[in-house]
Amino acid sequence: MAFSILPLEAALLLEALNAQEIILDKQEGHCIFLRDSLCSLYQWRPVICRTQGMALAYIDQDSQTIEVSACELNFPPDAAIEHDELLFMDQFNERLADLNLQYCRQNDLPVGQRIALADLPACLR
């Protein structure tokens, strides 16, 4: 499970982690921040975690279609997903990308960098 986050999200998460005592789950295939099947970072969790399991929608400008990404555990392949069940991510992702770009430029970080959630503990003070 190799979820990754943007440098801006990592910085905010590290700020919260440095103020908390977090016990990590080292079990293979599990998020290291799950504790007794619950997220130990719940109030600070990044976008990838906040949207996990939801029906996400992206507008393909070239083909003028809506692309849907949905977890098969929540939405079986043959399930009809209604328009009002979709979380449209384009505007949100654009805003997050803009904020991340500003953060990376201010901190001399590579713009295209992503950080694996599992690597965050190594960054703690």
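### Quick look at the nonpolar core
Grouped burial of nonpolar side chains is what soluble globular proteins tend to show.
Okay, so step 1: Core analysis: the biggest nonpolar cluster contains 12 residues, these being Ile-5, Ala-10, Leu-13, Leu-14, Leu-17, Cys-31, Ile-32, Phe-33, Leu-41, Ile-115, Leu-117 and Leu-120.
Okay, so step 2: No other element matches the four residues that helix H1 (residues 7–18) contributes to this core.
Okay, so step 3: Setting aside residues no more than four positions away along its own chain, Phe-33 makes contact with Leu-17, Ile-22, Leu-24, Leu-38, Cys-39, Ser-40, Leu-41, Leu-117, Leu-120 and Pro-121.
Okay, so step 4: Grouped together as the second largest cluster of nonpolar side chains are six residues, Leu-6, Leu-8, Leu-56 and Met-89 included.

### Details of the pairing of strand E4 (residues 55–60)
Okay, so step 1: Relative to strand E6 (residues 86–88), E4 runs parallel, the two sharing three bridges. Its bridge partner being in E6, Ala-57 is matched across the sheet by Phe-88.
Okay, so step 2: Where E4 meets strand E5 (residues 65–69), five bridges bridge the pair, whose relative direction is antiparallel. Bridge pairing links Tyr-58 to Glu-67 in E5.
Okay, so step 3: Here E4 folds back onto E5, and the loop between the two strands holds four residues, one of which, Gln-64, carries a positive phi near 55°.

### Brief notes about the packing of H1 against helix H3 (residues 90–106)
Okay, so step 1: At a minimum axis separation of 8 Å, H1 and H3 run at an interaxial angle of 75°. It follows that H1 is roughly perpendicular to H3 by the angle criterion. On the side of H1, the interface is formed by Pro-7, Leu-8, Glu-9 and Ala-11, while H3 contributes Leu-96, Leu-99, Asn-100, Tyr-103 and Cys-104.
Okay, so step 2: A breakdown of the residues in the contact of H1 with H3 according to their chemical character gives seven nonpolar, one polar and one charged.

### Here's the deal with the sheet that holds E5
Okay, so step 1: Reading across the sheet, the three strands line up as E5-E4-E6 and stay open at both edges, with mixed pairing between neighbours. Only two strands of the sheet have a single neighbouring strand rather than two, namely E5 and E6. The sheet shows a mean angle of 40° between the axes of neighbouring strands, direction not considered.

### Observations concerning the side chain of Glu-9
Okay, so step 1: Within the fold, Glu-9 resides in helix H1.
Okay, so step 2: Within the buried set, Glu-9 has no salt-bridge partner at all; the shortest N-O distance to an opposite charge, 5.0 Å, is to Arg-114.
Okay, so step 3: Residues contacting Glu-9, with those up to four places away along its chain left out, are Pro-46, Val-47 and Leu-96.

### Some thoughts on a nonpolar patch on the surface
Okay, so step 1: On the surface, Ile-59, Ile-66 and Val-68 cluster together into a nonpolar patch covering about 230 Å² of accessible area.
Okay, so step 2: Counting through the fold element by element, Ile-66 comes out in strand E5.
Okay, so step 3: Taking relative accessible area as the criterion, Ile-66 reaches 40% and is therefore assigned partly exposed.

### Considering the side chain of Asn-100
Okay, so step 1: Along the chain, the position of Asn-100 falls in helix H3.
Okay, so step 2: Overall, Asn-100 belongs to the buried group, its relative accessible area being 3%.
Okay, so step 3: When neighbours within four sequence positions are excluded, Asn-100 is seen to be in contact with Leu-6, Pro-7, Leu-8 and Val-111.

### Describing unusual backbone geometry
Okay, so step 1: A positive phi angle, near 65°, is found at Ser-37, a position not held by glycine.
Okay, so step 2: Residue Gln-64 is not a glycine yet carries a positive backbone phi of 55°.
Okay, so step 3: Following the sequence through the fold, Gln-64 ends up in the loop between E4 and E5.

How each quantity is defined
Residues numbered from 1 in each chain as written. Predicted model: local features only at pLDDT ≥ 70, side-chain atom pairs only at ≥ 80, totals over all residues. Heavy atoms only, no water. Core = buried A, V, L, I, M, F, W, Y, C linked by side-chain atoms within 4.5 Å. Buried < 20%, exposed > 50% of the residue type's maximum accessible area, 1.4 Å probe, protein only. Helix = DSSP H or I, 4+ residues; strand = E, 2+ residues; numbered from the N terminus. Contact = heavy atoms within 4.5 Å. Pairing = 2+ DSSP bridges. Axes fitted to C-alpha atoms, helices over the stretch in contact; angles between N-to-C directions. Parallel < 35°, antiparallel > 145°, perpendicular 65-115°, else oblique. Nonpolar A, V, L, I, M, F, W, Y, C, P; charged D, E, K, R; others polar. Lys, Arg positive; Asp, Glu negative; His and termini not counted. Salt bridge = Lys/Arg side-chain N within 4 Å of Asp/Glu carboxyl O. Patch = residues over 30% accessible without salt bridge, like charges linked within 9 Å, V, L, I, M, F, W, Y side chains within 5 Å. Areas by Shrake-Rupley, 256 points an atom, 1.4 Å probe, with all protein chains shown as cover.

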